[in-house]
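Notes for the structure review
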Amino acid sequence: MANRRGFTLAEIMIAMTLMLIVGGAAFKLLVTTQRLSRSQAEQASLQSNVRMGSLVVLNDLRELNTVVGGSADRNDILTIAANDITYRAMRGIGFICQAPTATQIRIARGSFSGFRDPQVGGRDSLYVFVDGDQDTEADDTWLPVAITGVSTATACPGALGAGITLTTPNTAGLVGIPVGTPIHIYEVMELKLHVADGKSWLGARSISAGEAIQPVLGPLVDGNGFQLEYLNAAGAITADRTAIKSIRITIRGISDGAVNPGVEGSPTYVQDSLVTQVALRNSFRP
Amino acid sequence: MRTQRLNDERGMALAVALFALVIIGLLVAGTFFSGRLEQQSGQNTFYAGQAAEAAEAGISDAIGSAVPTTLMGLTVGAPAVDLGTVSLGSRVDVTKQLSRLTSSVFLIRTVGSRRNAAGTAMATRSAGSLLRLVTPHLLMRGGLSAIGDITVTGNATVSGNDTTPPGWKVSPAVDCPPEADKPGVAYNGTLTQTGSSQITGNPPKQADPTLNASNLMGGTDFAALKALRTLNLTGNISGIGAATTGTPPVCNTALQNNWGEPVDRTSPCWNYFPIIYHYGDLSISGSGLGQGILLVEGNLSVQGRVSFFGPVIATGAVNVRGTGSDDVKFYGGIIASDVQLDDSRLSGNATVLYSSCANRRALQGSGVITRLAERGWVQLY
């Protein structure tokens, strides 16, 4: 052991000081990186939320039909508010494959294109196109009919294959509707800014199915996280739901928890927003 | 002096440094992965938007390029007809299909796609539109119908016998299901026939004192037809004929004297049926062929070597002159109506032949293709 030498106090002090400096720097870097990582993940989630919200709302609203001063059946927007809208949401389109009776419509399964199959329990209803004088569009109408039953264990005549049979209340207007006529399946929906568990969400429910409102996306900023502006043909805000030609949708999201935005600063909730405007595709006529 | 190796020295600096590097690396990788995921998500949304816009553009393109006679040629319930694929640039394209749902309702289905460099679809979206054909509604009572006096002189010929225009029977024949013959002339005034003129039909002459402006065209009126006009004439016409533009050639519908091509089926104007309207007295001279519906809110004077396929309606007097070797031929019929009607006169080699086929083609061909006024746009899945 004679040839082994220890460190002097000065050497140890210098080494410890250096270790503290290097260790501190490494720790600072680690913490900063971790904060940035978490912040970025939160921002990404927030942006994704906002973007998804805009898409969901836009897709559900763009097929709406409005007719200025038109009757209730011709206007799919039922009530409007700054952060609440009820409307007839189109869920699919099909084409009649067999001459309908007063209580039954059969559509070809292969021709049905929908968000989902027609459902009963009051959730879904349908519109049947009624073409009066075939030379003119002036008397064209869509006949509203309730759906009381759905059967998929049916077939269309000829080579049209499987069918979907919709049972309806006795509706004389269905008799004489020609094969090939289009029908729309719809349900009455509500979208609104919904508060649950102390936070605001984009809430949705099927009114026709009697559902309670459920949060589908969020969290959103309290008060104005989901905001709708209804515009007429001139692009001005209108309170007349039959005059609506486009809807401006603003989604303001907020992070789920407080995050540190970077190296400095205290943790805070971050926000992001997206504004989209959807032209109602079936409201193109003045 | 020999350096001594510290074989038995212990330390953890390297291990701590490596551990810290691994942790930092993981965090950086996680951040990078999260960012990449977000970037891809945004890109997918962008691609989906491009595909959706392409699908909607395809609908507009299909409506704009659809020809009424093509639509009417489709069989109800038959499989959809492929209208081809249109490239919109930037690796975006749209395919279009058209099917006839009922006798008057059609469906356009489009699929927009955003592709990568290899041609693989990165996003597709479908959309559809319900269309209908709005056709003019018109009932021709015979070869020549008038509220007022009719004079037929010279070598003029008027026939109410259903006539298929020459050339339309050549294979493949134009679809012309025969209809019942009609009166040669129907009128509620006086008829003067002189010279070598001929009037045939079933019956050849029908005096009908009940004829008036409201029942002359079978339930429609001049104003309703006028509302559908597609070609507004700004002055008299000297010579008519089909004209094309561009390569490949398309029918040049911007010209005042292009009234379609009723004979040459290879012409791009074979399916062009303008609803021609002129306010005030109109004079047509020169030579040429035309088709469609001719509406004149005033007096109509025709002379030269002109043939017209389709109904002709004038609110004032009609004066048709075929002089010398020049023939004026009308396949379809002439209606001269309105309370201000003066008279109608045919002279020289003027021919008016009732033709249900020419009328049907003109009425269907001059129809307007339009989206259903309500609920015409549909989201397809």
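Residues numbered from 1 in each chain as written. Chains lettered and ligands numbered in written order. Predicted model: local features only at pLDDT ≥ 70, side-chain atom pairs only at ≥ 80, totals over all residues. Heavy atoms only, no water.

This part covers the state of the cysteines. Throughout the structure, instances matching the rule amount to two disulfides over all chains. Across the disulfide, Cys97 of chain A is cross-linked to Cys156 of chain A (sulfur-sulfur distance 2.0 Å). Between Cys97 of chain A and Cys156 of chain A, the S-S torsion sits near -75 degrees, and that sign places the bridge as left-handed. Taken together, the positions of Cys97 of chain A in strand S2 (residues 84-101) and Cys156 of chain A in the loop between strand S7 (149-155) and strand S8 (162-167) put the pair 59 residues apart, joining distant regions of the chain. For the pair Cys97 of chain A and Cys156 of chain A, one class covers both residues: buried. In this model, Cys251 of chain B is linked to Cys269 of chain B through a disulfide, with the two sulfur atoms separated by 2.0 Å. Across the S-S bond linking Cys251 of chain B and Cys269 of chain B, the dihedral sits near 105 degrees, which makes this disulfide right-handed. With a gap of 18 residues between them, Cys251 of chain B in strand S15 (residues 250-251) and Cys269 of chain B in the loop between S15 and strand S16 (275-279) connect regions that are remote in the sequence. Across this residue pair, the class does not change: Cys251 of chain B and Cys269 of chain B are buried. (Disulfide = S-S within 2.5 Å. Helix = DSSP H or I, 4+ residues; strand = E, 2+ residues; numbered from the N terminus. Buried < 20%, exposed > 50% of the residue type's maximum accessible area, 1.4 Å probe, protein only.)

Moving on, we come to the side chain of Ser111 of chain A. Residues and elements named next belong to chain A. Its place among the elements puts Ser111 in the loop between strand S3 (104-108) and strand S4 (113-114). Looking at Ser111, the relative accessible area reads 19%, which means it is buried. A distance of 2.9 Å separates a polar side-chain atom of Ser111 from the backbone oxygen of Ala108. Apart from residues lying up to four places away in sequence, Ser111 is in contact with Ile93, Gly94 and Phe95. (Polar contact = N/O pair within 3.5 Å; in protein donor to acceptor, adjacent residues only side chain to side chain. Contact = heavy atoms within 4.5 Å.)

Applying the stated criterion across every chain, the model contains two cavities of 30 Å³ or more. Put simply, the largest cavity is a space of about 40 Å³. Forming the boundary of the largest cavity are Arg62 of chain A together with Ala52, Ala55, Glu56, Arg125, Ser126, Ala127, Trp377 and Gln379 of chain B. Elements supplying a minimum of two residues to the lining of the largest cavity: helix H1 (13-65), strand S4 (121-134) and strand S27 (377-380) of chain B. Counted by class, the lining of the largest cavity contains four nonpolar, two polar and three charged residues. Considering only enclosed or pocket space, the second largest cavity measures out at about 30 Å³ in volume. (1 Å grid on protein atoms, 1.4 Å probe; cavity = no way out; pocket = protein on both sides within 12 Å on 5 of 7 lines; lining within 4 Å. Points joined across faces, edges and corners; volume = space filled by probe spheres on them. Nonpolar A, V, L, I, M, F, W, Y, C, P; charged D, E, K, R; others polar.)

The next point concerns the interface of chain A and chain B. Often, the extent of an interface is quoted as the loss of accessible area upon association of its parts. Facing the 48 residues of chain A at the interface are 38 residues of chain B. Roughly 3900 Å² of surface becomes buried between chain A and chain B when both sides are summed, with 50% attributable to carbon and sulfur atoms. One can count five salt bridges joining chain A with chain B. With a shortest N-O distance of 2.5 Å, Glu56 of chain B and Arg281 of chain A are connected by a salt bridge. If you list the elements that add at least two residues to the side of chain A that touches chain B, you get helix H1 (9-61), S2, S4, strand S5 (125-130) and strand S9 (182-196) of chain A. Looking at the side of chain A that touches chain B element by element, the count peaks at twelve residues for H1 of chain A. Considered class by class, the residues forming the side of chain A that touches chain B number 17 nonpolar, 16 polar and 15 charged. (Buried area = accessible area lost by both parts, 1.4 Å probe. Salt bridge = Lys/Arg side-chain N within 4 Å of Asp/Glu carboxyl O.)

We now examine the nonpolar core. Across soluble globular proteins, nonpolar side chains have a tendency to be buried as a group. Core analysis: the largest hydrophobic core is formed by 36 residues, its most contacted members being Trp259, Ile284, Leu294, Leu300, Phe330 and Ile334 of chain B. Beyond its immediate chain neighbours, meaning those up to four positions away, Ile334 of chain B contacts Met140, Gly143, Leu144, Ser145, Val312, Val318, Val320 and Val352 of chain B. Val57, Leu202, Ile249 and Leu280 of chain A belong to the second-largest nonpolar core, a separate cluster that totals 28 residues. (Core = buried A, V, L, I, M, F, W, Y, C linked by side-chain atoms within 4.5 Å.)

Okay, the pattern of salt bridges next. Two side chains bearing opposite charge may form a pair once their charged atoms approach each other closely. With the rule as written, the count across this model stands at 20 salt bridges over all chains. Among the ionic pairs, Arg91 of chain A bridges to Asp60 of chain A, the shortest N-O distance being 2.8 Å. Of this pair, Arg91 of chain A sits in strand S2 while Asp60 of chain A sits in helix H1; the two residues are 31 residues apart in sequence, bridging distant segments of the chain. Considered together, Arg91 of chain A and Asp60 of chain A belong to a single accessibility category, that of buried residues. Across the salt bridge formed by Glu179 of chain B and Arg360 of chain B, the nearest N and O atoms sit 3.0 Å from each other.

So, about the environment of Pro209 of chain B. Residues and elements named next belong to chain B. Within the element layout of this structure, Pro209 appears in the loop between strand S11 (205-207) and helix H3 (222-226). Residue Pro209 is classed as exposed on the basis of its relative accessible area of 70%. Note: C-alpha distance between Pro209 and Gly195 (14 residues apart in sequence) is 26 Å.

Attention now goes to the packing of aromatic side chains. Following the criterion strictly, the structure yields nine aromatic pairs over all chains and no others. Ring centres of Tyr127 of chain A and Tyr186 of chain A lie 4.9 Å apart, and the angle between their planes is 25 degrees; on these two criteria the pair is classed as stacked. Pair noted here: Tyr127 of chain A is in strand S5 and Tyr186 of chain A is in strand S9, with a separation of 59 residues, a long-range link. As far as the burial class goes, Tyr127 of chain A and Tyr186 of chain A line up, both buried. In this structure an aromatic cluster arises from ring pairing among Trp168, Trp270, Phe309 and Tyr331 of chain B. Positioned over the ring face of Trp377 of chain B is Arg281 of chain A, at 5.6 Å from the centre of the ring. Across from the ring centre of Tyr127 of chain A, 3.9 Å away, lies the NZ or CZ of Arg375 of chain B, which sits over that ring. (Phe/Tyr/Trp six-rings, centres within 6.5 Å; stacked < 30°, edge-to-face > 60°. Lys NZ or Arg CZ within 6 Å of the ring centre and 35° of its normal.)

Residue and element names in this part refer to chain A. On the surface, Ile14, Leu18, Ile21 and Val22 cluster together into a nonpolar patch covering about 420 Å² of accessible area. Structurally, Ile21 is set in helix H1. For Ile21, a relative accessible area of 55% gives the class exposed. (Patch = residues over 30% accessible without salt bridge, like charges linked within 9 Å, V, L, I, M, F, W, Y side chains within 5 Å. Areas by Shrake-Rupley, 256 points an atom, 1.4 Å probe, with all protein chains shown as cover.)

Turning our eyes to something else, we now look at the environment of Leu88 of chain B. Residues and elements named next belong to chain B. Along the polypeptide, Leu88 turns up in strand S1 (residues 81-89). What makes Leu88 partly exposed here is its relative accessible area of 42%. Residues Leu88 and Val105 lie 17 residues apart in sequence; the distance between their C-alpha atoms is 28 Å.

In this section: the layout of surface pockets. Its volume calculated, the largest pocket comes out at about 910 Å³. Lining the largest pocket are 40 residues, and of these Leu55, Val56, Leu58, Asn59 and Asp60 of chain A lie nearest its centre. Mapped onto the lining of the largest pocket, the elements with two or more residues apiece are H1, S2, S9, strand S10 (199-206) and strand S14 (271-279) of chain A together with H1 and S27 of chain B. Looking at side-chain class alone, the lining of the largest pocket contains 18 nonpolar, nine polar and 13 charged residues. Considering only enclosed or pocket space, the second largest pocket measures out at about 570 Å³ in volume. Lining the second largest pocket are 20 residues; nearest its centre among them are Val22 and Gly23 of chain A together with Ala13, Val16 and Ala17 of chain B. Among the elements of the structure, H1 of chain A together with H1 of chain B are those that each provide at least two residues to the lining of the second largest pocket. Considered class by class, the residues forming the lining of the second largest pocket number 17 nonpolar, three polar and no charged.

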